[in-house]
Amino acid sequence: MNSTAQLSLFADAPEVEAIISVVHEILASRAQPSAWELLTELDRKLGLKARWAVDDAMQRLVADQSLTQSQRAYLRDIMVSEDWRNAKRGGESHSRVIESTVDALLRESAAYRNTATFQEMISFMARFKDYAPFNNMLVKLQNPSCSFFATQKDWDRRFHRHLKEDVRPMLILAPMHPVMLVYDLDSTEGPALPKELQDFAKFDGDWDPMRLVKTIENASTRDLIRIDKVKLS
């Protein structure tokens, strides 16, 4: 019996509907577990028999237009991953340490230690005042060429731009939720960004040298930040 025929045996099975229901609950909580975590949760709630129908259920979920583009992209990426195939085979111990995408990003953040790369990262992080510095760093790690990013809701509501089909989200940490999905400018289409965002950190008007003096004074005396003056050639 070939794989196509075997899959069709479970296409309308009750297990498929049960799996779809559980995955919908997981997605509604805004969680995006790893392949191992997702399969383990399905095993816990539905038993091992769910594994016979899980591929059919996932294929239906990927085609489910009631899900967002990012949710369908997440499920599609899960299905083609090596971890998903390994988890279904059960070839490794259940005590295997599961490393999430965020764990990997945290590990990669240690690469920004020398002066040049650290300065590059700081310059990138300073461009996005709406997000915490650490989240800006996570975006930089995932997409070094990102020029601007926002959530799908912000793109729609603030900028009247919409996500392109099958775009790949980036992960950041979110209060009260494990992660939040954000998208770079190239993943959207619509009107141009406002001028103040395109010309970030550019100012017009007369220069007041006392502003710089006061900023340095506050940093060194009030905030205890060391200030080094460097003469530019």
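Definitions and cut-offs
- Residues numbered from 1 in each chain as written.
- Predicted model: local features only at pLDDT ≥ 70, side-chain atom pairs only at ≥ 80, totals over all residues.
- Heavy atoms only, no water.
- pLDDT = per-residue confidence, 0-100.
- Contact = heavy atoms within 4.5 Å.
- Helix = DSSP H or I, 4+ residues; strand = E, 2+ residues; numbered from the N terminus.
- Polar contact = N/O pair within 3.5 Å; in protein donor to acceptor, adjacent residues only side chain to side chain.
- Salt bridge = Lys/Arg side-chain N within 4 Å of Asp/Glu carboxyl O.
- Buried < 20%, exposed > 50% of the residue type's maximum accessible area, 1.4 Å probe, protein only.
- Phe/Tyr/Trp six-rings, centres within 6.5 Å; stacked < 30°, edge-to-face > 60°.

1. Comments concerning the confidence of the model for the protein
- Here the protein averages 77 in pLDDT, and 72% of its residues register 70 or above.
- Throughout residues 1-9 the model reports pLDDT below 50, and contacts reaching past four residues in sequence, or to other chains, amount to six contacts.
- In the model, residues 93-99 has pLDDT below 50 throughout and makes nine contacts with residues more than four positions away in sequence or in other chains.

2. Description of the side chain of Arg-161
- Inspection of the secondary structure puts Arg-161 in the loop between helix H10 (152-159) and strand E2 (162-163).
- At 2.5 Å, the side chain of Arg-161 and the backbone oxygen of Pro-191 are in polar contact.
- Discounting chain neighbours no more than four positions away, the residues touching Arg-161 are Trp-155, Asp-156, Leu-185, Thr-188, Glu-189, Gly-190, Pro-191, Ala-192 and Leu-193.

3. Structural notes on the pattern of salt bridges
- Counted by the stated rule, this structure contains 14 salt bridges.
- The partner of Lys-45 in a salt bridge is Glu-41, and the shortest N-O contact between them spans 3.6 Å. Of this pair, Lys-45 and Glu-41 both sit in helix H3 (residues 35-46), separated by four residues, roughly a single helical turn.
- Residue classification places Lys-45 among the partly exposed positions, given a relative accessible area of 39%.
- Glu-217 serves as the salt-bridge partner of Lys-214, at 3.7 Å between the closest nitrogen and oxygen. Here Lys-214 and its partner Glu-217 are both found in helix H12 (residues 209-222), three residues apart, which amounts to about one turn of the helix.
- One salt-bridge network, held together by shared partners, links Glu-25, Glu-41, Arg-44 and Lys-45.

4. Some points on the packing of aromatic side chains
- Taken as a whole and assessed by the stated rule, the structure comprises three aromatic pairs.
- Where Phe-148 meets Trp-155, the ring centres are 5.7 Å apart and the plane angle is 70°; that geometry is what we call edge-to-face.
- According to the relative accessible area criterion, Phe-148 is buried, its value standing at 11%.
- Seen from their ring centres, Phe-148 and Phe-159 are 5.7 Å apart, and the 90° between their planes marks the pair as edge-to-face. With a gap of 11 residues between them, Phe-148 in the loop between helix H9 (133-142) and strand E1 (149-150) and Phe-159 in helix H10 connect regions that are remote in the sequence.
- On the accessibility criterion, Phe-159 (7% relative accessible area) is buried.
- Joined through ring pairs, the aromatic side chains of Phe-148, Trp-155 and Phe-159 make up one cluster.

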